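# Geometric and topological summary
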Amino acid sequence: MNDGINAKPEMTIAYKLYGSLYLNITNRCPNSCVFCVRKSKNGVGYNLWLEHEPSLAEVIEAIGAPSGYPEIVFCGYGEPLLRPEIVEGTARWLKQWPVPVRINTNGLADLFLGYDVLPRLKGLIDVISISLNADNASLYQKLTRTEFGEKAFPAILEFAKRSIKYIPRVILTVVNYQEVNLEKAAAIAETIGAEFRVREFME
Ligand code: SF4
């Protein structure tokens, strides 16, 4: 089944989830998280495997009319900030409507791209949800199997700190996994000045 918005049957760029409109702009990701929804049999109910990475025009066409959604969310089967030009272009286009825009990210774009991507998002993204996933670097590595090794966790903390300067609402999330010290993770979020949210762990 594929009833994503304006999607070719084999390729879903925009899809409804929890009443909001989600955008799927890449399948690339430097992580291979043990809980990634991409590994589950049914995923999120749409085929989010892309035949090709959509152009800005394809993303805009897939969105159609954004009014009526409580939120537009960059998410999908990959790390959206690996394509900052698409995030920026789409968010700029969305400014025509009073619809909040959120990005769900693993916070590793700077390491991946080799530059600070956050200034590009200033004034365009209303909420950033960063997957901290753990309360320390070795557990992060264990849960995400990131290609960046133990460099990843401190890089995410830096990314989260800088996000406060550019994005009005910053949320750090962790998985509710037995080895994750939720109190310690919550304290990290508080120190940074971010909100904190716990996600359920899915095998
Ligand atoms: S960072 Fe997100 S998209 Fe990448 S493997 Fe982890 S859960 Fe999946």
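Look up: the structure comes first, before these words.
Below: a short report on this structure. Residue positions within a chain follow its written sequence, with the count starting from 1. Per-residue local features of the predicted model are confined to residues with pLDDT of at least 70, and side-chain atom pairs are confined, for both listing and counting, to 80 or more; whole-chain, interface and lining totals are unaffected and use all residues. Each side-chain value is worked out from all heavy atoms of the structure, with water and hydrogens disregarded.

Surveying the vicinity of the ligand reveals the residues C29, N31, S32, C33, C36, R38 and N106. When each cavity is represented as a set of grid points, the ligand is found to reside in the largest pocket. Whether a residue is near a molecule or strand depends on its heavy atoms: it is near if one of them lies within 4 Å of it. Using a 1 Å grid laid over the protein atoms alone, points where a 1.4 Å probe fits but cannot get out form a cavity; open sets with protein on both sides within 12 Å along at least 5 of 7 lines form a pocket; any residue with an atom within 4 Å of a point counts as lining. Think of it this way: a molecule belongs to a cavity or pocket when more than half its atoms come within 2 Å of the grid points there.

In this description, strands pair whenever DSSP reports at least two bridges between them. Secondary structure elements are defined from DSSP: runs of H or I of at least 4 residues count as helices, runs of E of at least 2 residues count as strands, and each element is numbered from the N terminus. One open sheet accounts for seven strands, arranged β1-β2-β3-β4-β5-β6-β7; its pairing is mixed. Strand pairing shows two members of the sheet lacking a second neighbour, β1 (14–17) and β7 (195–200), which therefore form its edges. Averaged over all neighbouring strand pairs, the angle between strand axes comes to 30°, with direction disregarded. Strand direction decides the pairing type here: β1 and strand β2 (residues 20–23), joined by four bridges, are antiparallel. In the strand pairing of β2, A14 is matched with L23. Two residues form a contact once any of their heavy atoms are found within 4.5 Å. Axis definition: a line fitted to C-alpha atoms, over the contacting stretch in the case of helices. Angles run 0 to 180 degrees between N-to-C directions. The strands touched by helix α4 (residues 137–144) within the sheet are β5 (127–133) and β6 (169–176), with β5 carrying the most contacts at an inclination of about 95°.

This part takes up unusual backbone geometry. One non-glycine residue with positive phi stands out, namely N133, at about 70°. As for its position among the elements, N133 is in strand β5. Phi at R145 takes a positive value of approximately 50°, unusual for a residue other than glycine. Within the element layout of this structure, R145 appears in the loop between α4 and α5 (152–166).

What characterises a pair of aromatic rings is the spacing of the ring centres plus the angle enclosed by the ring planes. Only Phe, Tyr and Trp rings are paired, with Trp represented by its six-membered ring, and only when their centres lie within 6.5 Å; those with planes under 30 degrees apart are stacked, over 60 edge-to-face, the remainder tilted. Enumeration according to the criterion identifies six aromatic pairs in this entry. Ring geometry for Y18 against Y22: centres 6.2 Å apart, planes inclined by 70°, an arrangement best described as edge-to-face. Burial classes: relative accessible area under 20% of the type maximum marks a residue as buried, over 50% as exposed, and values in between as partly exposed (1.4 Å probe, protein chains only). For Y18, a relative accessible area of 73% puts it in the exposed group. For the pair Y140 and F153, a centre-to-centre distance of 6.1 Å together with 50° between the ring planes defines the contact as tilted. In this pair, Y140 is assigned in helix α4 and F153 in helix α5, connecting sequence segments 13 residues apart. Residue Y140 shares its accessibility class with F153, and that shared class is buried. Pairwise contacts between aromatic rings join Y15, Y18, Y22 and Y46 into one cluster.

Position of R120 among the secondary structure elements: in the loop between α3 (109–113) and β5. For this analysis, a polar contact is any N or O atom pair within 3.5 Å, provided that within protein one partner can donate a hydrogen and the other can accept it, and provided that sequence-adjacent residues contribute only side-chain to side-chain pairs. Within the structure, R120 has its side chain in polar contact with the side chain of Y115 (distance 2.9 Å).

Grid points are joined across faces, edges and corners, and a volume is the space filled by probe spheres set on the points. Its boundaries defined by the atoms lining it, the largest pocket holds a volume of some 1,000 Å³. Lining the largest pocket are 38 residues, with V37, C75, N104, S131 and R199 positioned closest to its centre. Counting only elements with at least two residues in the lining of the largest pocket, the list comes to β1, β4 (101–105), β5, β6 and β7. Just so you know the grouping, Ala, Val, Leu, Ile, Met, Phe, Trp, Tyr, Cys and Pro go in nonpolar, Asp, Glu, Lys and Arg go in charged, and all remaining residues, Gly too, go in polar. The residue inventory of the lining of the largest pocket, partitioned by class, reads 18 nonpolar, twelve polar and eight charged.

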